[in-house]
Amino acid sequence: MRKRSCRARTASAVVAAAVLGLAGCDAGGSAPAPDVSKARAAKPAPVWNRSPDSIAAVGDSITRGFDACAVLSDCPEVSWATGSDAEVESLAVRLLGVTGAAERSWNYAVTGARMGDLPEQMAQAAVHGPDLVTVMVGANDACRRSASAMTSVADFRADFEEALGTLRSTLPRTQVYVASVPNLKRLWSEGRSNPLGKQVWKLGICPSMLGEADDLTRAAGVRRDRVQRRVVEYNKVLKEVCAKDRRCRFDGNAVYDYDFGTDQLSHWDWFHPSRDGQARLASIAYRTITAPDPVA
């Protein structure tokens, strides 16, 4: 049988050549090797950066270090998120170093803030274009003058979605760390043994949970359980909304589950975190942010 020409062979193999990326027929030549370096260069970067270079914090009194240094006063230098206190070793210090934290971290949390205040705080934080925004808010939505005055779950969800939307409208790639709302009933149980703390509670600290602290009647128990259920519902919202954003990490209820003891609570109000408590919050955040994978 007569051999087919090179041209004939090429014509009959055109489909295979196109699919396999082979070189055309020539006088004894061979196909060039694939450019591996280009393939490697095209590999997409990870969605989650475990070493962000700047941080902005939003939230409430916990992130302001309220009652950690003096009674009824903010103390942002001990903030778990952006503080400079060596004993706390804030998240910013752990990620950016002391100098980096001073230059590239910002705290827009406000004592008394609720979820409805978060969109405005997010807008302020976005001005700096941070790599990471930390969120810790929700306790004041449950800590109202009465259980019936608590923020509804629907409003809590809508406000959180609006806050993330505010951030995403200008910073689609900024990462978000979301801390769970603390277990308020556990804080009541731990702090009610301290007479001084209970006197401070009467000044208006979380009355829905801490009001009439020594009242152990059924009605008081029902009230506290109602507040606690709302906190659980808030944390479910935080988890669900965060899960829809590929650059958001929820702490998996780590703050809620943490068993704050007397060493971790302010010795002025026995409710807010002390320096030691702030350090524990910083540790939880750092562990969540630097983990290879998000909490399940």
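Structure's up top.
Residues numbered from 1 in each chain as written. Predicted model: local features only at pLDDT ≥ 70, side-chain atom pairs only at ≥ 80, totals over all residues. Heavy atoms only, no water.

Draft legend 1. Representation of the state of the cysteines. In total, this model carries 3 disulfides according to the counting rule given. In this model Cys69 forms its disulfide with Cys75; the gap between the sulfur atoms is 1.9 Å. Negative torsions about the S-S bond denote left-handed disulfides, and the value of about -70 degrees found for Cys69 with Cys75 makes this one left-handed. Taking relative accessible area as the criterion, Cys69 reaches 25% and is therefore assigned partly exposed. Disulfide pairing places Cys242 opposite Cys248 at an S-S distance of 2.0 Å. Disulfide Cys242-Cys248: the torsion about the S-S bond is -115 degrees, which places it as left-handed. Exposure class is identical for Cys242 and Cys248. Each is buried. (Disulfide = S-S within 2.5 Å. Buried < 20%, exposed > 50% of the residue type's maximum accessible area, 1.4 Å probe, protein only.)

Draft legend 2. Highlighting the layout of surface pockets. Each pocket or cavity is described by its volume, and for the largest pocket that value is around 330 Å³. Lining the largest pocket are 23 residues, with Ser61, Asn140, Ile205, Phe271 and His272 sitting closest to its centre. Of all the elements in the fold, those that place two or more residues in the lining of the largest pocket are helix H6 (139-142) and helix H8 (184-191). Split into classes, the residues belonging to the lining of the largest pocket amount to 16 nonpolar, 6 polar and 1 charged. What the second largest pocket holds in volume is close to 260 Å³. What lines the second largest pocket is a set of 15 residues, among which Cys248, Arg249, Phe250, Pro294 and Val295 lie closest to the centre. For the lining of the second largest pocket, the secondary structure elements donating two or more residues are helix H11 (218-243) and strand S5 (248-250). Of the residues that constitute the lining of the second largest pocket, the class distribution is 10 nonpolar, 1 polar and 4 charged. (1 Å grid on protein atoms, 1.4 Å probe; cavity = no way out; pocket = protein on both sides within 12 Å on 5 of 7 lines; lining within 4 Å. Points joined across faces, edges and corners; volume = space filled by probe spheres on them. Helix = DSSP H or I, 4+ residues; strand = E, 2+ residues; numbered from the N terminus. Nonpolar A, V, L, I, M, F, W, Y, C, P; charged D, E, K, R; others polar.)

Draft legend 3. Just the packing of H8 against H11, in detail. Across the interface, H8 lies against H11 with an axial gap of 8 Å and an inter-helix angle of 135 degrees. Considering the angle they form, H8 stands oblique to H11. Each of Leu184, Lys185 and Trp188 in H8 lies in contact with H11, whose residues at this interface are Arg224, Asp225, Val227, Gln228 and Val231. Considered class by class, the residues forming the contact of H8 with H11 number 4 nonpolar, 1 polar and 3 charged. (Axes fitted to C-alpha atoms, helices over the stretch in contact; angles between N-to-C directions. Parallel < 35°, antiparallel > 145°, perpendicular 65-115°, else oblique. Contact = heavy atoms within 4.5 Å.)

Draft legend 4. Examining a nonpolar patch on the surface more closely. Together, Val71, Leu72, Leu203 and Trp268 give the surface a local cluster of nonpolar side chains, amounting to about 370 Å² of exposed area. By relative accessible area, which is 33% here, Trp268 ends up partly exposed. (Patch = residues over 30% accessible without salt bridge, like charges linked within 9 Å, V, L, I, M, F, W, Y side chains within 5 Å. Areas by Shrake-Rupley, 256 points an atom, 1.4 Å probe, with all protein chains shown as cover. Salt bridge = Lys/Arg side-chain N within 4 Å of Asp/Glu carboxyl O.)

Draft legend 5. Spotlight on the sheet that holds strand S2 (residues 105-107). Strand order in the open sheet formed by 5 strands is S2-S1-S3-S4-S5, and the pairing between neighbours is parallel. Whereas interior strands pair on both sides, the edge strands pair on one side only; in this sheet they are S2 and S5. Taking the axes of each pair of neighbouring strands and ignoring which way they run, one obtains an average angle of 15 degrees across the sheet. In this structure, strand S1 (residues 55-59) lies alongside S2, joined through 3 bridges in parallel fashion. Each residue of the ladder has a partner; that of Ala57, found in S2, is Asn107. Here helix H4 (residues 91-104) sits on the sheet and contacts S1, S2 and strand S3 (132-136); the angle it forms with S2, its principal contact strand, is near 90 degrees. Where helix H13 (residues 275-290) meets the sheet, it contacts S3, strand S4 (175-178) and S5, and its direction lies at approximately 135 degrees from that of S4. (Pairing = 2+ DSSP bridges.)

Draft legend 6. Summary view of the side chain of His272. You can see His272 is positioned in the loop between helix H12 (254-257) and H13. Sequence-distant contacts of His272, that is, excluding residues within four places in its chain, are made with Ser61, Ile62, Phe66, Asp67, Ile205, Gln264, Leu265 and Ser266.

Draft legend 7. Quick look at the pairing of S4. Neither face of S4 is exposed, since Gln175 and Tyr177 on one face and Val176 and Val178 on the opposite face are all buried. Alignment of S3 against S4, held across 4 bridges, turns out to be parallel. Among the inter-strand pairings, Thr134 is bridged to a residue of S4, identified as Tyr177. Two elements, S4 and S5, share 3 bridges in a ladder whose sense is parallel. Along S5, the bridge assignment pairs Val176 with Cys248.

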